[in-house]
Amino acid sequence: MTLAALDVLTPPVTRTQIVRFAGAAGDFNPMHHDEPFAVAAGSESVFAMGQLTAAILGEAVAEWLGRDRVAGYGVRFKAKVLPDDVLHLTGRVTSVEDDGTQVCELSATRSGSDEVVLTGWAKARP
Amino acid sequence: MSAPSDIATPDVGFVVDSVSFPIEEGKLREFAIASGGDPDAVLAAGVLPPTFAAVAAHWRDQAAMVRVLQLDIRRVVVGGSEWEYGAPAWIGDRLTGDRVVTDVAVKSSGMLILTLTTTLRREDGEVAVTQRDTVIQVPPKGSPGGLALRSGDLAQGARSPRSVGS
């Protein structure tokens, strides 16, 4: 069975979403929610946790592949995601293992600049 | 190996810490919304979101992790994470596991790369999720190809609010 590629744009990442994720995942590094702190530390603003970007892509991948089919998922963090960034999430099946497991290549880029913020992979059970 | 000799390197097999947490409906709903997902779809599916094990941070002391690994918190970034899913786990299950050093590499630049693997088991002992995190300590003053500290990721909470915020 051929699976259509994943190709979606997210809503803009917001400070509210970042704060929601801080609470959800328990990451209270002030660089992610305390604007004066982040700016004083040299960042242009607060920025998303890598795990938030991983979760956004992971959620899209689960919808794409089917939640009960995801056997593995991995990401590498490449660049900061800032408030108002729209992410372009892509995925495609690159190979099929002997047992029918589909191996997928994933990426998240900053829409507009096409800068890669995250690369990843997923495996889907047959 | 030409790596600098003054970098503390843990042994492979070193147990960093242990964690145990319940899978809760409210936390699942909160996590799904924060991830841009449809919480009703997630709850109806009965399958944990792929990165849900991140909530273990609520039950861990990340500052202690940095301390026991003798890392310099100012230079620590998380390079990536990956998850493998085994036995199903859902609301009502409790996941328990150790975080173990499973790979150690020191580059000639002085960059230290650790792989930390957490194997989360259900109460019946079946492995539900295996999570591997790549923790990087960049050399002082950065290095070619190294991540700049502030553009890197601290998603695992490697830098605790206490250590930087107050």
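Residues numbered from 1 in each chain as written. Chains lettered and ligands numbered in written order. Predicted model: local features only at pLDDT ≥ 70, side-chain atom pairs only at ≥ 80, totals over all residues.

In terms of regular secondary structure, chain A is built from 3 helices and 5 strands. Secondary structure elements in chain A, listed N-terminal to C-terminal, are β-α-α-α-β-β-β-β. Along the longest, intermediate and shortest principal axes, the C-alpha atoms of chain A span 55 × 30 × 20 Å. For chain A, the share of sequence-separated contacts (at least 6 apart) that also reach a separation of at least 24 residues comes to 57%. (Helix = DSSP H or I, 4+ residues; strand = E, 2+ residues; numbered from the N terminus. Contact = placed C-beta atoms within 7 Å.)

Time to look at the interface of chain A and chain B. At the junction of the two partners, chain A supplies 40 residues and chain B supplies 34 residues. The set of elements that each furnish at least two residues to the side of chain A that touches chain B consists of α1 (15-25), α3 (50-65) and β2 (70-77) of chain A. The biggest single contributor to the side of chain A that touches chain B is α3 of chain A, with 9 residues. Of the residues contributing to the side of chain A that touches chain B, the split by class is 21 nonpolar, 12 polar and 7 charged. (Nonpolar A, V, L, I, M, F, W, Y, C, P; charged D, E, K, R; others polar.)

It is worth spelling out helix α1 (residues 25-34) of chain B at this point. Residues and elements named next belong to chain B. Among the residues of α1, those classed as buried are L28, F31, A32 and A34. Buried residues along α1 cover an arc of 165 degrees about the axis, so they all sit on one side. Opposite its buried face, α1 presents the exposed residues E25 and G26, each directed more than 90 degrees away. One or two steps after α1, the chain reaches G36, where phi turns positive at roughly 80 degrees. (Buried ≥ 20, exposed ≤ 12 C-beta atoms within 10 Å, placed from the backbone. Arc of directions from axis to C-beta.)

Right, let's get into the UniProt feature "domain: MaoC-like" (unreviewed entry) in chain A. The UniProt entry lists residues 12-100 of chain A under the feature "domain: MaoC-like" (unreviewed entry), expressed in the numbering used here. Between the C-alpha atoms that bound residues 12-100 of chain A the distance is 36 Å, and the span itself is 37% helix and 20% strand. (UniProt positions renumbered as here; feature names shortened; annotations may be inferred.)

The next point concerns the pairing of strand β2 (residues 76-85) of chain B. Burial within β2 of chain B is extensive, with 8 of its 10 residues counted as buried. Pairing geometry for β2 of chain A and β2 of chain B, over 5 bridges, is antiparallel. For G72 of chain A, the partnering residue across the bridge sits in β2 of chain B and is E84 of chain B. Inspection of the sheet shows β2 of chain B paired to strand β5 (residues 127-137) of chain B by 9 bridges, in the antiparallel sense. By the bridge assignment, W83 of chain B is partnered in β5 of chain B with Q131 of chain B. (Pairing = 2+ DSSP bridges.)

At 3.6 residues per turn, the α-helix brings residues three or four places apart onto the same side. Residue and element names in this part refer to chain A. Compared with an ideal rise of 1.5 Å per residue, which puts 16 residues at 22 Å, α3 spans 22 Å between its outermost C-alpha atoms and is within 8% of the ideal. In terms of burial, α3 is a largely internal element, 15 of the 16 residues being buried. Of the residues trailing α3, G66 is marked for its positive phi of about 105 degrees. (Expected span 1.5 Å × (residues − 1).)

Next up on the list: the environment of W59 of chain B. Residue and element names in this part refer to chain B. Note on placement: W59 falls in the loop between α2 (39-45) and α3 (62-68). Considering only alpha carbons, one finds W59 and T96, 37 residues apart in sequence, at a separation of 11 Å. Excluding its chain neighbours within four sequence positions, the residues that come into contact with W59 are V19, S20 and F21.

Two elements in contact, α1 of chain A and α1 of chain B, have axes separated by 8 Å at closest approach and are oriented at 150 degrees. The angle between α1 of chain A and α1 of chain B falls in the class roughly antiparallel. The way α1 of chain A lies across α1 of chain B gives a crossing that is left-handed. Here Q17, R20, F21, G23, A24 and A25 of chain A of α1 of chain A come into contact with α1 of chain B, specifically with E30, F31, I33 and A34 of chain B. For the contact of α1 of chain A with α1 of chain B, the residue count by class is 6 nonpolar, 2 polar and 2 charged. (Axes fitted to C-alpha atoms, helices over the stretch in contact; angles between N-to-C directions. Parallel < 35°, antiparallel > 145°, perpendicular 65-115°, else oblique. Left-handed = near helix turned anticlockwise from the far one by under 90°.)

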